[in-house]
Amino acid sequence: MRGFAAFARKEFLEIVRTWRLWVLPGIVLFFALTGPVMARFTPEILRAVAADQLGQFTLPDPTYADAYTGWIKNLSQIVLFALIIVYGGIVSSERRSGTAVLVLTKPVSRGAFILAKATVHSVFLAVLVVAGTLVTWGGTAIVFGEAPGGALWSASLAWLVFGILFVALMTLFSVLISPTAGAAGAGLGAYALVSIAALWTPLGTYSPAALTGVPTSLALGKSVETFWPVCTALLLAAALVALAVTAFKRKEL
Amino acid sequence: MSLAIRTSGLTKTYGEHRALDSVDLEVEEGSIFGFLGPNGAGKTTLLRMLTGLARPTSGVVQILGHDVTAVDDSIRARIGFLPDVPGFYDWMTAEEFLRFVGRLFSIDRRTLDDRVGMLLGLAGLTDVTTAIGGYSRGMKQRLGVAQALINAPELLLLDEPTSALDPMGRRDVLDMLTSLRGRTTVFFSTHILADVERVCDTVAILDRGRVVAHGPIQELTSRYAERKVILEVTDAAGDLAQDISREPWAASVAVGPTGALEITVTDMDAARLAIPVLVAGRHTGLCRMDAGELGLEDVFVSLVGGGAR
């Protein structure tokens with residue numbers, strides 16, 4: 001895997017020194033900071049602005065679980081959509097700008113090029129999720145006075161696996177589809193398909209599609225099957241990266 | 001004779017379009033080889049296949065004795081390449097980019113320190129500390145040449161290396177290429193004929209994907225010069241031009257700026273016999289008759305400039 005370390009180092013520096021440092025981290029930290037506060041005060045806000053419309057319906061008092069599910073919901077929707085859009089050009093942007101030509105005429109294998117990107121950005125996502133979960137955990141403890149760690153961390157780590165699966169998927173789409181918007185559209189379409197697939201019980205229990213619902217269940221402290229969804233998602237992510245490498249080797253630059 | 005580059009029957013098609021058509025090319029090790037052709041002739045396509053960025057439709061392409069399509073990535077450790085429009089990471093400085101490229105070649109730190117300093121000087125970027133995103137095209141081109149040399153390559157492949165440079169920058173790059181003669185094989189594509197005449201030993205001319213001429217510059221110019229006759233007579237040059245244009249061996253006749261006739265001939269032996277007879281028939285004096293000396297530009301224009309483009 002010639003050139004992996006040098007190219008991975010470049011990828012890391014590119015995150016630290018370009019817009020990449022602000023977009024995903026900004027979104028993640030914003031929701032991590034505001035999530036517990038919103039969970040705590042949303043019922044009060046609703047009562048204040050729409051009390052006459054609630055009628056006999058009484059809003060339950062908020063708990064730490066509301067903060068946890070809010071965090072997972074934001075990861076599963078806004079953060080995931082941002083990830084899909086940001087990584088739509090993870091490979092194609094280097095082809096368009098000509099940097100891939102300069103790098104790949106050096107003794108760097110195309111496999112190392114793809115693998116370095118998938119690895120560094122998966123690690124980046126892991127750091128973001130861990131940092132965001134820490135902030136959510138601390139914020140929840142401050143706002144609600146209690147914040148059991150097990151439910152939050154198991155839910156966040158289960159979602160992280162789902163996020164890594166989408167980093168791998170977007171790497172493949174970015175190899176196959178040159179326009180960033182096209183790859184991002186394919187990524188959003190894939191998310192819709194996965195969400196629909198999760199409705200069928202076998203897929204919704206054992207396949208990566210289960211990870212659309214498992215994190216929320218874990219955040220609520222429920223006992224759900226996690227082994228098979230996590231294993232199949234990691235295997236599928238590895239297969240998608242392998243496919244991206246194969247497809248990239250066949251591409252003419 | 002060992003060859004740095006050899007292609008045989010190299011063909012590349014994109015759908016119906018034949019970008020390269022059975023190209024046979026041999027580049028000797030240590031030579032400076034100019035690859036000439038008008039825009040769209042297929043120069044960049046050939047370089048993309050030499051570097052493994054594209055695959056041939058058919059034919060053989062070898063670099064330093066290895067088949068490019070069969071060999072692993074290690075062969076690229078021995079070549080340097082500058083594309084026609086080099087793409088850089090705009091957030092890096094020139095020094096950071098050279099160090100990044102050096103690490104891709106696994107060059108040890110001490111050697112890399114020396115080379116980075118030397119190449120920044122060569123590129124005129126020693127004191128430039130801003131990010132590459134703010135560079136002019138000329139600065140990027142000079143940095144592109146520098147990065148192509150970071151591994152002290154055995155074979156240097158350059159696609160239009162002087163096209164974005166001012167006259168001083170061009171001179172510096174050409175001097176640098178000249179200094180590599182005998183140590184590194186330099187293969188560069190260009191449409192700037194003066195650059196080729198200045199530094200190259202050998203040239204190939206590509207037109208519409210085919211090599212239409214290939215050889216040492218002197219040999220090419222003398223080969224094509226034999227087809228042109230310059231004729232000076234004392235008077236009646238216009239009448240004589242009409243006489244000559246009717247001859248089957250005369251492809252064209254033109255009156256030059258000095259009044260001399262420039263005759264392109266298809267059969268030099270027939271022309272040598274007939275021209276004095278035609279001059280005598282017009283009762284005019286023969287001042288000069290010789291094969292015209294063509295420059296590379298004349299050869300280039302005569303080979304690729306005639307057809308409708």
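An unreviewed UniProt entry lists chain B under the name ABC transporter ATP-binding protein, with Cryobacterium zhongshanensis given as the organism.

As named in an unreviewed UniProt entry, chain A is ABC transporter permease, taken from Cryobacterium algoricola.

J.: Would you mind showing me how to read the overall build of chain A here?
T.: Within chain A one finds 11 helices and 0 strands. The linear arrangement of helices and strands in chain A, starting from the amino end, is α-α-α-α-α-α-α-α-α-α-α. In terms of C-alpha radius of gyration, chain A reaches 20 Å, essentially the compact-globule figure of 18 Å for 253 residues. By principal-axis analysis of the C-alpha atoms, chain A measures approximately 70 × 40 × 30 Å. Of all 253 residues assigned to chain A, the portion counted as buried reaches 49%. Put simply, chain A shows about 11100 Å² of open surface, and 71% of that area lies on carbon and sulfur atoms. Of note, chain A has its 17 positive side-chain charges centred 18 Å away from the centre of its 10 negative side-chain charges.

J.: It is not clear to me how the side chain of A:Thr99 should be interpreted in this structure. Could you clarify?
T.: Considering the arrangement of structural elements, one finds A:Thr99 in helix 5 (residues 99–104). Residue classification places A:Thr99 among the buried residues on the basis of a relative accessible area of 2%. A distance of 2.9 Å separates the side chain of A:Thr99 from the side chain of A:Ser97, its partner in a polar contact. What A:Thr99 contacts, discounting residues up to four positions off in sequence, is A:Glu94, B:Gly87, B:Phe88 and B:Tyr89.

J.: Is there a simple way to think about the UniProt feature "transmembrane region" (unreviewed entry) in chain A in this case?
T.: All names here are of chain A. Here, UniProt's "transmembrane region" (unreviewed entry) annotation points to residues 21–39, 71–91, 112–137, 157–176, 188–207 and 227–248. When the span residues 71–91 is considered, its composition is 76% helix and 0% strand, and the gap between its end C-alpha atoms is 30 Å. Secondary structure over residues 112–137 splits into 100% helix and 0% strand, and the C-alpha atoms at its two ends are 37 Å apart.

J.: I keep staring at the sheet that holds strand 7 (residues 155–159) of chain B and nothing clicks. Help me out?
T.: Consider a sheet: its strands pair through backbone hydrogen bonds, and that pairing is either parallel or antiparallel. All names here are of chain B. Spatially, 6 strands are ordered 6-7-8-3-9-10 in an open sheet, and the strand pairing comes out mixed. What marks the edges here is a single partner per strand, and that holds for strand 6 (79–82) and strand 10 (210–216). Each strand of the sheet is rotated relative to its neighbour by a mean of 15°, with strand direction disregarded. Two strands pair when backbone bridges link them, and strand 3 (residues 32–36) and strand 8 (residues 185–190) are joined in this way by 5 bridges, in the parallel orientation. In the sheet register, Gly34 faces strand 8, and the bridge partner there is Phe188. Its contacts with the sheet place helix 1 (residues 43–50) against strand 3, strand 6, strand 7, strand 8 and strand 9 (202–207), and it is angled at close to 145° to strand 8.

J.: Looking at this structure, how should I read the pairing of strand 6 of chain B?
T.: For a regular strand, side chains alternate in direction, first toward one face of the sheet and then toward the other. All names here are of chain B. The side-chain alternation of strand 6 yields two buried faces, one formed by Ile79 and Phe81 and the other by Gly80 and Leu82. Examined bridge by bridge, strand 6 and strand 7 share 4 bridges and lie parallel to one another. Pairing of Phe81 across the sheet is with Leu157, part of strand 7.

J.: Help me out: how do you make sense of unusual backbone geometry in this one?
T.: Trans peptide bonds make up most of the peptide bonds, and negative phi angles are found at most residues other than glycine. Residue and element names in this part refer to chain B. Its identity as a non-glycine residue notwithstanding, Glu160 has a phi of 55°, on the positive side. Here Glu160 lies in the loop between strand 7 and helix 5 (167–179). Within the chain, Ala236 stands out as a residue other than glycine whose phi angle is a positive 60°. Mapped onto the elements, Ala236 comes out in the loop between strand 11 (228–233) and helix 8 (237–245).

The rules behind these values
Residues numbered from 1 in each chain as written. Chains lettered and ligands numbered in written order. Predicted model: local features only at pLDDT ≥ 70, side-chain atom pairs only at ≥ 80, totals over all residues. Heavy atoms only, no water. Helix = DSSP H or I, 4+ residues; strand = E, 2+ residues; numbered from the N terminus. Rg over C-alpha atoms; globule rule 2.2 N^0.38 Å. Buried < 20%, exposed > 50% of the residue type's maximum accessible area, 1.4 Å probe, protein only. Areas by Shrake-Rupley, 256 points an atom, 1.4 Å probe, with all protein chains shown as cover. Lys, Arg positive; Asp, Glu negative; His and termini not counted. Charge placed at Lys NZ, Arg CZ, Asp CG, Glu CD. Polar contact = N/O pair within 3.5 Å; in protein donor to acceptor, adjacent residues only side chain to side chain. Contact = heavy atoms within 4.5 Å. UniProt positions renumbered as here; feature names shortened; annotations may be inferred. Pairing = 2+ DSSP bridges. Axes fitted to C-alpha atoms, helices over the stretch in contact; angles between N-to-C directions.

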